[in-house]
Amino acid sequence: MHETLHDPTQDEGTDLAALPRRPRWPAALWRGLTMRCPACGERSAFQGYLHVRDVCDRCGTPLGRFPSDDAPIYVTLVVVLHIVITALVLVDRGGTVPSLTLLEIFLPMTAVLTFALLRPIKGATLAVLVKVGFQRGMPPVPGANQAGS
């Protein structure tokens, strides 16, 4: 079963004032990178390390409805691997550093960078989704498509 994504601004009769506030891009991205609610910036967007709060308890933005599940890890890996590979090339230009030494340096570096950057990047992804208003669709109502109901 695939999850439906929904843009509430495309619905007829949608009260745009009731939708989450959409700050300017720099403010939204900064709030996301600092792991705050992208709409108000007042409260943490996270409950735990990576779990996004269902609703911001300050402004009421439904943060849990924005699908920020998979993209952050891919973006994090691209950023981390660019840093690690650049550092690896710079450290071992002449090819004289033993492989075990490179592993001892760069495996922990990769792990630390990944864990350090994953949460801010997930916050920035959440900010982009809030800014563009890209929410998960409403769950289907059981029996809504049955004839004769």
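Bear in mind the structure is a predicted one, so any value in this text is a computation, not a measurement. (Residues numbered from 1 in each chain as written. Predicted model: local features only at pLDDT ≥ 70, side-chain atom pairs only at ≥ 80, totals over all residues. Heavy atoms only, no water.)

**What about a nonpolar patch on the surface?**
Together, I73, Y74, L77, L81, I85 and V89 give the surface a local cluster of nonpolar side chains, amounting to about 540 Å² of exposed area. Turning to its location among the elements, L77 is positioned in helix 2 (residues 71-91). (Patch = residues over 30% accessible without salt bridge, like charges linked within 9 Å, V, L, I, M, F, W, Y side chains within 5 Å. Areas by Shrake-Rupley, 256 points an atom, 1.4 Å probe, with all protein chains shown as cover. Salt bridge = Lys/Arg side-chain N within 4 Å of Asp/Glu carboxyl O. Helix = DSSP H or I, 4+ residues; strand = E, 2+ residues; numbered from the N terminus.)

**Observations regarding the packing of helix 1 (residues 25-33) against helix 3 (residues 99-132)**
Helix 3 packs onto helix 1 with a crossing angle of 145° between their chain directions and a minimal axis gap of 6 Å. Note on packing geometry: the crossing formed by helix 1 with helix 3 is right-handed. Touching W25, A28, L29, G32 and L33 of helix 1 are P120, G123, A124, A127, V128, K131 and V132, all from helix 3. When its residues are assigned to classes, the contact of helix 1 with helix 3 shows nine nonpolar, two polar and one charged. (Axes fitted to C-alpha atoms, helices over the stretch in contact; angles between N-to-C directions. Left-handed = near helix turned anticlockwise from the far one by under 90°. Contact = heavy atoms within 4.5 Å. Nonpolar A, V, L, I, M, F, W, Y, C, P; charged D, E, K, R; others polar.)

**Comments concerning the nonpolar core**
Counting residues in hydrophobic clusters, the biggest one holds twelve residues: C37, A39, C40, A45, F46, V52, C56, L63, F66, L126, L129 and V130. In this view, C56 contacts C37, C40, R43, T61 and L63; residues no more than four positions away in its chain are not counted. (Core = buried A, V, L, I, M, F, W, Y, C linked by side-chain atoms within 4.5 Å. Buried < 20%, exposed > 50% of the residue type's maximum accessible area, 1.4 Å probe, protein only.)

**As for helix 2**
With 21 residues, helix 2 extends 30 Å from end C-alpha to end C-alpha; this agrees with the ideal 30 Å at 1.5 Å per step. Considered for burial, the residues of helix 2 that qualify are P72, T76, V80 and V84. The arc that holds the buried residues of helix 2, viewed along the axis, is 65°, so those residues lie on one side. Those residues of helix 2 that are exposed and aimed more than 90 degrees away from the buried face are Y74, H82 and V89. Lining the buried residues of helix 2 we find helix 3. (Expected span 1.5 Å × (residues − 1). Arc of directions from axis to C-beta.)

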